[in-house]
Amino acid sequence: MQRFRRIVAAIALAATATTTVAACGGDDSGDDSGAKTLKLWHYEGENSAMGVGWAKAIEIFKTEHPGVEVRFERKAFEQIQQNAGMIINSSEGPDIMEYNKGNATAGLLSSQGLLTDLSDEADKRGWAGKLSPSLQTTARYSDKGVMGSGNWFGVPNYGEYVTVYYNKDLFDRNGVTVPTTLAELTAAMDTFVSKKITPLGMAGAEYPAGQLFYQLALSKADRQFVDNYQLYKNPVDFKADPLKYGADTFAEWVRKGYVAKDSASLKAEDMGTAFIAGKTPMIVSGSWWYGRFKAEMKANWDTFLFPGNTLTAGSSGNLWVVPTNSKAKSLAYDFIDITLRPEIQDLIGNNGGIPVAGDPAKITDPKDRKLIEDFNTVSKQDGLAFYPDWPVPGYYDVLVGGFQALINGSKSPDQVLDTIAKPYADGVKEITGK
């Protein structure tokens, strides 16, 4: 999630990009089959799951393409995020790069003609068959840059999702079992509260509060709601369920002591380090914490899906995109294809990542395997519901302010819903013209 909120900069760079994209098409034109160089950029750490997997993919690519030089550059996320439009619209840009998914990033650049349409390759190479419908959502964009329909402008090869991390030692010490329903979860939290333990770590100053609200709302939602909220299929009523249920229940959890009122000022790092230190029985957050907890936690811990939910916050990971100006598109397609092979997918999984087309049976660590199995459970039931701040630019800050006020009690649930409803409606109108 730390990468999903930096969307305003991408909107700003559109103005720069639009003055020069008129000469760029969105399709694959020209014959580059004789290209002898592939310029590849990404921003994953060398020891991260994706970094390890993609390094192996480069090795395989070189073996299968003798005589082709791979010029790999590791870039900072912010460097690509803030300058992508200018970079890929120049002769100095890469032939293939990792880029953030969503309406205001990959969608924006696709609508400006800066990204190659990958639809034919997706059909020919079977990429669509390896990705569930909800994973495909972030790969496809309309002519207005709205995700979920239209042509393929990117290909993900890993996933992420929100889950519940729990301290097994604290659960055992207090006689609490892993809940399988929302009622069992609230009963578990009542047990902790009765023992003067705040059961749920929280960070009101950053994304965790909005994610908890969204998880609660999703417990009463269906795919139609997600399509309406994220893809603007129909108007969204913020004063009705499931959003009303999410806000009301969040406020109730604060009143009952499940969430500490002083967590309104805490950041995600504060929440995470408290969990690492064994001070918090549970946190609701993303799979991106997994590797850190695995490396730093001394207490016994594990994960479980948010009890009772069919839908959960989550999505594909970032995308491989091929700039329109790429001089080695055929080679870029070959590299994407390699990253979706079982060998690379299993390597990502065995290094703490979530492959989109891996085999859990090939994952050796039981915790790694469970993380992937849970993701596959959500993905196969079309349960990935994206993130609450995705629909419109600037919405992340709106949600943070709203739920800080709910935690500290300065606003009622209805007032918070009013606070977050108008920016949403204004943003949708600006994007769709409706």
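For the structure, see preceding data.
For clarity, every value in this text was computed on a predicted model and none was experimentally measured. In every chain, residue numbers begin from 1 and rise along the written sequence. The model is predicted, so local features are restricted to residues of pLDDT at least 70 and side-chain atom pairs to those at 80 or more, both for listing and for counting; the totals for chains, interfaces and linings are taken over all residues. To obtain the side-chain values, all non-hydrogen atoms of the structure were used and water was disregarded.

> Whenever I open this one, the overall build of the protein confuses me. Can you help?
Put simply, DSSP marks the helices as runs of H or I at least four residues long and the strands as runs of E at least two long, and each gets a number from the N terminus on. In terms of regular secondary structure, the protein is built from 19 helices and 11 strands. Relative to the compact-globule value of 22 Å for 434 residues, the protein shows a C-alpha radius of gyration of 22 Å, a close match. Dimensions of the protein along its principal axes, counting C-alpha atoms only, are 70 × 50 × 30 Å. Residue burial is assigned from relative accessible area. The probe radius is 1.4 Å, only protein chains are included, and a residue is buried under 20% of its type maximum, exposed over 50%, and partly exposed in between. Across the 434 residues in the protein, those meeting the buried criterion constitute 56%. Contacts spanning at least 24 positions in sequence make up 78% of the contacts within the protein whose residues lie at least 6 apart. In this description the radius of gyration comes from C-alpha coordinates, and the expected globular size is given by 2.2 Å times residues to the power 0.38. Any two residues whose heavy atoms approach within 4.5 Å are treated as being in contact.

> Could you clarify how one ought to interpret the pattern of salt bridges in this entry?
Oppositely charged side chains can pair when the atoms bearing their charge come close. Salt bridges are counted wherever a side-chain nitrogen of Lys or Arg sits within 4 Å of a carboxyl oxygen of Asp or Glu. Under the defined criterion, the tally for this structure stands at 19 salt bridges. Between Arg 125 and Glu 121 there is a salt bridge, with the nearest N and O atoms lying 2.6 Å from each other. Taken together, the shared-partner salt bridges connect Glu 121, Lys 124, Arg 125 and Asp 334 into one network.

> Quick question: what am I supposed to make of unusual backbone geometry here?
Glycine aside, residues mostly have negative phi, and peptide bonds are mostly found in the trans state. Asp 241 connects to Pro 242 through a cis peptide bond whose omega is 15°. Mapped onto the fold, Pro 242 is located in the loop between α11 (223-231) and α12 (243-255). Backbone geometry at Lys 196 places phi at a positive 65°, although glycine is not the residue there. Here Lys 196 shows up in the loop between α9 (182-194) and α10 (208-218). Of the residues examined, Lys 196 reaches a relative accessible area of 78% and is grouped as exposed. Unusually for a residue other than glycine, Phe 386 sits at a positive phi of about 65°. Assignment of secondary structure puts Phe 386 in the loop between α17 (366-380) and α18 (395-408).

> Even after reading the chapter, I still don't get the side chain of Thr 105, so can you show me in this structure?
On the secondary structure map, Thr 105 appears in the loop between β3 (96-99) and α4 (106-111). Residue Thr 105 is classed as buried on the basis of its relative accessible area, which comes to 1%. Within 3.5 Å is the distance limit for a polar contact, defined as a pair of N or O atoms, with the added protein rule that one can donate a hydrogen and the other accept it, and that residues adjacent in sequence qualify only through two side-chain atoms. A polar atom in the side chain of Thr 105 sits 3.1 Å from the backbone oxygen of Lys 101.

> Looking at this structure, how should I read the environment of Lys 39?
Among the structural elements, Lys 39 can be located in strand β1 (residues 37-42). For the pair Lys 39 and Leu 218, spaced 179 residues apart in sequence, the C-alpha separation works out to 41 Å. A distance of 3.2 Å separates a polar atom in the side chain of Lys 39 from the backbone oxygen of Glu 92.

> Even after reading the chapter, I still don't get the packing of aromatic side chains, so can you show me in this structure?
Given two aromatic rings, one states the distance between the centres and the angle between the planes to describe the pair. Two rings from Phe, Tyr or Trp (for Trp, the six-membered ring) form a pair when their centres sit within 6.5 Å of each other. Planes less than 30 degrees apart are called stacked, planes more than 60 degrees apart edge-to-face, and all others tilted. Applying the stated criterion to the full structure yields 27 aromatic pairs. Aromatic pair Tyr 165 and Trp 301: ring centres 6.1 Å apart, planes at 40°, arrangement tilted. Taken together, the residues span a long stretch of sequence, with Tyr 165 in strand β7 (residues 159-167) and Trp 301 in strand β9 (residues 301-304) at a distance of 136 residues. Judged by centre distance (5.3 Å) and plane angle (55°), the rings of Tyr 166 and Phe 304 are tilted. Of this pair, Tyr 166 sits in strand β7 while Phe 304 is found in strand β9, placing the two residues 138 residues apart along the sequence. A single burial state applies to Tyr 166 and to Phe 304, both of which are buried. A connected cluster of aromatic rings, assembled from ring pairs, spans Tyr 165, Phe 275, Trp 289, Tyr 290, Phe 293 and Trp 301. A ring is considered to have a charge above it if a Lys NZ or an Arg CZ atom is located within 6 Å of its centre and within 35 degrees of its normal. The ring centre of Trp 41 lies 4.4 Å from the NZ or CZ of Lys 75, which sits over that ring.

> Any chance you could explain the pairing of strand β2 (residues 69-74) here in plain terms?
Side chains on a regular strand alternate between the two faces of the sheet. Pairing between strands requires that DSSP locate at least two bridges from one strand to the other. As paired elements, β1 and β2 share 6 bridges and run parallel to each other. Bridge pairing in β2 places Leu 40 opposite Phe 72. Assessed by its sense of winding, the connection that carries the chain from β1 through helix α2 (residues 49-64) to β2 is right-handed. We call a crossover right-handed when, viewed with the strands running away from us, the connection from the first strand over the helix to the second turns clockwise.

> Before we go on, may I ask you to explain the sheet that holds β1 in this structure?
The strands making up a sheet associate through backbone hydrogen bonding, with each pair oriented either parallel or antiparallel. Pairing is mixed in the open sheet, where 5 strands are placed in the order β2-β1-β3-β11-β6. The open sheet is flanked by β2 and β6 (155-156), the only strands paired with a single partner.

> In this structure, what is going on with the nonpolar core? I would like to understand it.
Generally speaking, a soluble globular protein has its nonpolar side chains buried in company with each other. In this structure, Leu 212, Phe 250, Trp 253, Met 282, Phe 306 and Phe 403 are the most contacted members of the largest nonpolar core, which totals 75 residues. In terms of residues, this core owes the most to one element, α10, which gives 7 residues. Those residues within four positions of Met 282 in sequence are excluded, and the remaining contacts are Val 164, Tyr 165, Tyr 166, Phe 171, Leu 185, Met 189, Pro 199, Leu 200, Gly 201, Phe 275 and Phe 304. To define a nonpolar core, start from buried Ala, Val, Leu, Ile, Met, Phe, Trp, Tyr and Cys residues and group those joined through side-chain atoms within 4.5 Å. Counting 57 residues, the second-largest nonpolar core is a separate cluster that includes Tyr 158, Tyr 207, Ile 283 and Tyr 333.

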